2 protein chains.
Amino acid sequence: MKERGLLIVLSGPSGVGKGTVRKALFSQEDIELHYSISATTRSPREGEVNGVDYFFKSHEEFEHMIEHKKLLEWAEYVGNYYGTPIDYVEQSLSEGRDVFLEIEVQGALQVKEAFPEGLFIFLAPPSLTELKSRIIGRGTESEDLINNRMKVAKEEIEMMDAYDYVVENDQVDRACDRIKAIVTAEHCRRDRVARRYKRMLEVE
Amino acid sequence: MKERGLLIVLSGPSGVGKGTVRKALFSQEDIELHYSISATTRSPREGEVNGVDYFFKSHEEFEHMIEHKKLLEWAEYVGNYYGTPIDYVEQSLSEGRDVFLEIEVQGALQVKEAFPEGLFIFLAPPSLTELKSRIIGRGTESEDLINNRMKVAKEEIEMMDAYDYVVENDQVDRACDRIKAIVTAEHCRRDRVARRYKRMLEVE
């Protein structure tokens, strides 16, 4: 029996660079993650291939998927639906592959509800660390600007609560390395490994 | 305020190659771990330096340390004491350095009791995985040999229970990579990072 793969969810505030990190990660040769393909009702752009870039669906098909709980998460943007088909994820996991999702915070919370055993990684803006020097170096920036940044930072820190890991996106390469380290480490977790060994010994 | 370092404990059954992995790990240039120096009552061997290889102690000094709970763990082998001085570990951790211990299973259990927040990594023999093919390929080995191997394997799996991670020592380099990944991942754990951010924002 094959060990079930991990579901890895990368999310974070908009503008943090989730897409850039995901692309950099999947451009690496040693990566063994499996990227989950989204479903959408928007029209294919030039060069986009059904089943590779997206699963292209009609509105009716998508609404049917929503109704029959065939989506791990979904959302509507400017008149089109976007979502993650469960079947594709489930099949990959049961084949022992690690599946990688890169989605918005709202979507990640939906996935967490449906799939609490997933691995939730929050991509944090480096501005959170920069904030400290800004606060200390006060005078160079207005009180309003600082206060606003503090407010945003506090919201971002609250957002983190639902996640298992936080990766700071200070440099794309370093963020990728940390994500890969997290996946490697999770595969070494004792409960997971011990379960595998125990199953192995029952072969007899 | 500096973030406290992690205490990383590498242990496993005798003969699994803990020392080899530790040496390979510390020969790497990008390693940021701090190796914990043991105390011992045995005489220095040629070239061994006090405070570098060991803290060399008299029997009286060592027993004084035991009595005053100045050791994270200790044991007696062939008439000499060996142990891990708490002060050295505590100081390194409070200076924000990750401290690495490589010790026997009995010692690891003592550390776990004194220091449950440590990171406990079990180095597993590759024989555990090889076992499967041996069992399947039965006939090439005697029943007794197989049964004995099964017994040992079961004991080793039971040993793992007290640990957070299991790293298989199939290849020394790969074992080192996994240990480094675990340390990196642990630094990304949400509770740790969020705590750091929260403390940062209180600077104001």
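Predicted model, so just to flag it, every value in this text is computed and none were measured.

Teacher, can you tell me more about the overall build of chain A here?
Of regular secondary structure, chain A possesses 8 helices and 9 strands. Oriented by its inertia axes, the alpha-carbon framework of chain A measures out at about 70 × 45 × 30 Å. Taken across its 204 residues, chain A has 44% of its residues classed as buried. Of the contacts made within chain A by residues no fewer than 6 positions apart, 65% connect residues no fewer than 24 positions apart. Counting 28 positive and 38 negative side-chain charges, chain A places the centres of these two groups 4 Å from one another.

Please clarify how the packing of helix 1 (residues 18–26) of chain A against helix 7 (residues 172–187) of chain A should be interpreted in this entry.
In helix packing, the relevant descriptors are the interaxial angle and the interaxial distance, both defined with respect to the helix axes. Residues and elements named next belong to chain A. Between helix 1 and helix 7, the shortest axis-to-axis distance is 9 Å and the interhelical angle comes to 70°. Between helix 1 and helix 7, the crossing angle belongs to the class labelled roughly perpendicular. Helix 1 and helix 7 meet at a crossing whose hand is right-handed. Along the contact surface, helix 1 presents T20, V21, A24 and L25, while helix 7 presents V172, A175, C176, I179 and K180.

Looking at this structure, I do not really get a negative patch on the surface. What am I missing?
Residues and elements named next belong to chain A. Residues E60, E61, E63, E67 and E76 make up a contiguous surface patch of negative charge. Here the negative patch takes 4 residues from helix 2 (residues 59–67), the largest share from any one element. Tracing the backbone shows E63 in helix 2.

Even after reading the chapter, I still don't get the UniProt feature "binding site: ATP" (unreviewed entry) in chain A, so can you show me in this structure?
Residue and element names in this part refer to chain A. Mapped onto this numbering, the UniProt entry gives "binding site: ATP" (unreviewed entry) at G12, P13, S14, G15, V16, G17, K18 and G19. For V16, the position within the fold is in the loop between strand 1 (7–11) and helix 1. Among residues more than four places away in sequence, those in contact with V16 are L123, A124, P125 and N169. Along the chain, K18 falls in helix 1. When neighbours within four sequence positions are excluded, K18 is seen to be in contact with L10, S11, G12, P13, E102, I103, E104 and L123. One polar contact links the side chain of K18 to the main-chain carbonyl oxygen of P13, over a distance of 3.4 Å.

Conventions used here
- Residues numbered from 1 in each chain as written.
- Chains lettered and ligands numbered in written order.
- Predicted model: local features only at pLDDT ≥ 70, side-chain atom pairs only at ≥ 80, totals over all residues.
- Heavy atoms only, no water.
- Helix = DSSP H or I, 4+ residues; strand = E, 2+ residues; numbered from the N terminus.
- Buried < 20%, exposed > 50% of the residue type's maximum accessible area, 1.4 Å probe, protein only.
- Contact = heavy atoms within 4.5 Å.
- Lys, Arg positive; Asp, Glu negative; His and termini not counted.
- Charge placed at Lys NZ, Arg CZ, Asp CG, Glu CD.
- Axes fitted to C-alpha atoms, helices over the stretch in contact; angles between N-to-C directions.
- Parallel < 35°, antiparallel > 145°, perpendicular 65-115°, else oblique.
- Left-handed = near helix turned anticlockwise from the far one by under 90°.
- Patch = residues over 30% accessible without salt bridge, like charges linked within 9 Å, V, L, I, M, F, W, Y side chains within 5 Å.
- Areas by Shrake-Rupley, 256 points an atom, 1.4 Å probe, with all protein chains shown as cover.
- Salt bridge = Lys/Arg side-chain N within 4 Å of Asp/Glu carboxyl O.
- UniProt positions renumbered as here; feature names shortened; annotations may be inferred.
- Polar contact = N/O pair within 3.5 Å; in protein donor to acceptor, adjacent residues only side chain to side chain.

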